[in-house]
Amino acid sequence: MPFQHSPRKGGDGRLTAALDPHDQGPQDACGVFGVWAPGEDVAKLTYFGLYALQHRGQESAGIAVSNGRQILVYKDMGLVSQVFDETTLASLKGHLAIGHSRYSTTGASTWQNAQPTFRPTADGSIALGHNGNLINTAELAQMVVDLPGPDDELELHTRPQETSTNDTSLVTALLAHHPDTSLEQRALEVLPLLQGAFCFVWMNENTLYAARDPQGIRPLVLGRLDRGWVVASEDAALATIGASVVREVEPGEMIVIDENGLRSHKFAEPDRKGCVFEYVYLARPDATISGRSVHESRVEMGRQLAREFPVEADLVIPVPESGTPAAAGYAEESGIPFGQGFVKNAYVGRTFIQPSQTLRQLGIRLKLNALEHMIRGKRIVVVDDSIVRGNTQRAQVRMLREAGALEVHVRISSPPVKWPCFYGIDFATRAELIANGLTPEEIAASVGADTLGYISLDGMIDATKQKRDTLCTACFTGAYPIELPDESLLGKHLLEATLTSPTVGKALPVLNNP
Ligand SMILES: O=P(O)(O)OC[C@H]1O[C@H](OP(=O)(O)OP(=O)(O)O)[C@H](O)[C@@H]1O
Ligand SMILES: NC(=O)CC[C@H](N)C(=O)O
Ligand code: SF4
Ligand SMILES: [Mg+2]
C-alpha cells in the first residue's frame, strides 16, 4: 500500500513556486529516475538521483520502492530535501525503485497529483512517474472510463474530487488494466495510443520499465551500476550516483529490466523532435542531450549572440543561474571583460515567488542583488537565456541602473518566446508572453534597457549542433511538431474542468489571443 498522509509544510525554509503557483516564471519539466539494483540501497540512490534532477520540478517529490512482494510509495509536496529524511528513506527497502520530482502541466499542484502514481493490478500493483505532457488527455480519459471492470475508481463520472486529475494517472490506469496479459504486453498496446511528450519510468513488484515518446521531446538516459541499471531524465543524475552512461533511451523505445537483464522494444517509429528549450534553459548545463553538451551549446549561443548583436561596452554580466554560460560566450567572442554583476541567493530556487504585483519586484530582489562596485560608471551588457513575461529583465535593469550603470544592453540567448508549450513546460498563455505583440524595441522600452538583442532562430539551432528537423522549436515559431487537438481539449485543468466545473479548464493555456 502507498503511504497515505496529509500534505505538510516544507521544513528548510526554501522558497518554492508552490507558495504562489499562479504567478511563476518559466518552469521546468519533471525529473524521472529509476533503478534496478539488488543489494544496493535503491531508495537512497533514487533520493540522490532526484536531488540531481531537482531543477526539473520543485512542486512535489516521491519515491516508490519494491522488495519483490509489495510496492511502497512515499510522496509529498515540496522539494526532494523537504519530502525525505533519513528515517523515511530507511523504511523504503527493496531492490528496485523509481522517483519523480514534479512540475505540474496537466492537473493542479496537489498531493493527489504528486508522483509516482500507484494502481493495483490483477497480479500486483504498478507505480509510474512521467516527464512530459500528453495532448490527447481527453481521449485517454474516455478510454479509462471505458475500461471494463466492476467498480473502476478512476471512472471520471464517479471519481471523487480528491483523486488525481493529471494526465499521468490516466496512463497508470490504462497500464494497470491487464487481466489477461503481462504488463509488458499491455504497455506495448498502450504506448502507441499516447500523443504528446512522455518519458515514463514505471515498475511492478519485480520489473523496471522506461519509455520515451517517438519524438523524444524530453531527454531520458540509460546508465549502468556495478550491480544494476539506472534510467534518468539527465545524465548528470547518473554521475551523481556513480553510474556510467550507457546510451539514451531511443525515441519510440520501451526498456524492460528484470533478473533476466535488459530487453528493448520499439513501440513506434522514431521521428525525433527534441525540445530546443532543454539546451537553452531547462536541462542542467552538465547534461549531454543527443550527443551535444548543454553547456557548450549555451556558450556557443552566447558567442553567436555577440556576432549578431555586438555593442561597445565595459563589462558583460550574466543573469544567474541559467544566463551564465551564454554570458561567458558573449564575453569571449566580443572581447569585453566578463564579471559578476549580481549575487544570487542560493536558497531561492529556480522559480521565485511573486505573491502580488507589489511584492513581485521584492521577490526578484530576494533572488538577485546587484554588486554596485562592479556596475557603477560602466556600460553593461547583461545576458540571460530567455524572456518570458519580462519580469526578471525589468527588475534587473532597474537594479543595474540603481547601482550606477551608465548603459544597460540586454542580450538574450533564445529568440522571443511567443507561443505556449503543450509538451511539458507550462509557459504562460499567449497573452502573458511579453514578446507576443511587442517588437524587440518595444520590449527594450518596456523593461527599460538601452538596447535589446535576441539571438536568431538559426543561431540558436546551430549552437545545438542538431539538425533543424529533429528539434521542436514551437514556442518560438508556433510550428507544433505533434499536431494539437482542438483548443477546447487543451489546458492544464482539463480534467478538473471535467470533474468540477465546465469553466475551469477554459481559463488556461490557449493558442489564440483573447
Ligand atoms: O521573463 P520572465 O518571466 O521573468 O522569465 C525569464 C527568466 O526566468 C528564468 O530564470 P529562473 O529564475 O526561473 O531560473 P534560473 O535561476 O535557472 O535562471 C530564465 O532563466 C529567465 O531568467
Ligand atoms: N512537467 C512535467 O513533466 C509534468 C508531467 C505531468 N504532465 C504532470 O503534470 O504531472
Ligand atoms: S514548445 Fe518550446 S519548450 Fe515546448 S517542447 Fe517545443 S521547444 Fe520545448
Ligand atoms: Mg534565469
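Everything numeric here is computed off the predicted structure, so don't read it as measured data.

Here we take up the pairing of strand β3 (residues 71-77). Of all seven residues that make up β3, seven are buried, and the element is covered over most of its length. Residues of β3 alternate between two faces, with Ile71, Val73, Lys75 and Met77 on one and Leu72, Tyr74 and Asp76 on the opposite face, all of them buried. When strand β2 (residues 60-66) meets β3, the two strands line up antiparallel, connected through seven bridges. When the bridges of β3 are listed, alanine 61 appears paired with aspartate 76. Counted between consecutive antiparallel strands, the loop separating β2 from β3 contains four residues, among which glycine 68 sits at a positive phi close to 95°.

Of note, valine 417 is situated in the loop between β21 (407-412) and α14 (440-447). For the pair formed by valine 417 and threonine 473, sequence separation is 56 residues and the distance between their alpha carbons is 9.8 Å. Leaving out residues up to four positions away in the same chain, valine 417 has contacts with Phe277, Ile387, Phe427, Leu433, Ala435, Cys475 and Phe476.

Mapped onto the present numbering, the UniProt feature "binding site: Mg(2+)" (unreviewed entry) falls at Ser322, Asp384 and Asp385. The annotated residues occupy 64 residues of the chain but converge on a single region, no pair of C-alpha atoms lying more than 7.0 Å apart. For serine 322, the location among the structural elements is in the loop between β17 (315-318) and α10 (324-334). Tracing the sequence through the fold places aspartate 384 in strand β20 (residues 379-384). For aspartate 384, a relative accessible area of 6% gives the class buried.

Our focus in this paragraph is the side chain of serine 413. Take serine 413: it is sitting in the loop between β21 and α14. In this view, serine 413 contacts Met301, Leu305, Ala326, Asp384, Asp385 and Ile455; residues no more than four positions away in its chain are not counted.

This paragraph deals with the nonpolar core. In this structure, Phe277, Val316, Val383, Tyr423, Phe427 and Met460 are the most contacted members of the largest nonpolar core, which totals 48 residues. Looking at this core, the elements that each hand over two or more residues are α8 (276-282), α9 (294-308), α10, β20, α15 (457-464), β23 (471-472) and α16 (474-477). Of all hydrophobic cores here, the second largest spans 29 residues; its members include Val221, Ala232, Leu238 and Ile241.

Reading the values: the criteria
- Residues numbered from 1 in each chain as written.
- Chains lettered and ligands numbered in written order.
- Predicted model: local features only at pLDDT ≥ 70, side-chain atom pairs only at ≥ 80, totals over all residues.
- Heavy atoms only, no water.
- Buried < 20%, exposed > 50% of the residue type's maximum accessible area, 1.4 Å probe, protein only.
- Helix = DSSP H or I, 4+ residues; strand = E, 2+ residues; numbered from the N terminus.
- Pairing = 2+ DSSP bridges.
- Contact = heavy atoms within 4.5 Å.
- UniProt positions renumbered as here; feature names shortened; annotations may be inferred.
- Core = buried A, V, L, I, M, F, W, Y, C linked by side-chain atoms within 4.5 Å.

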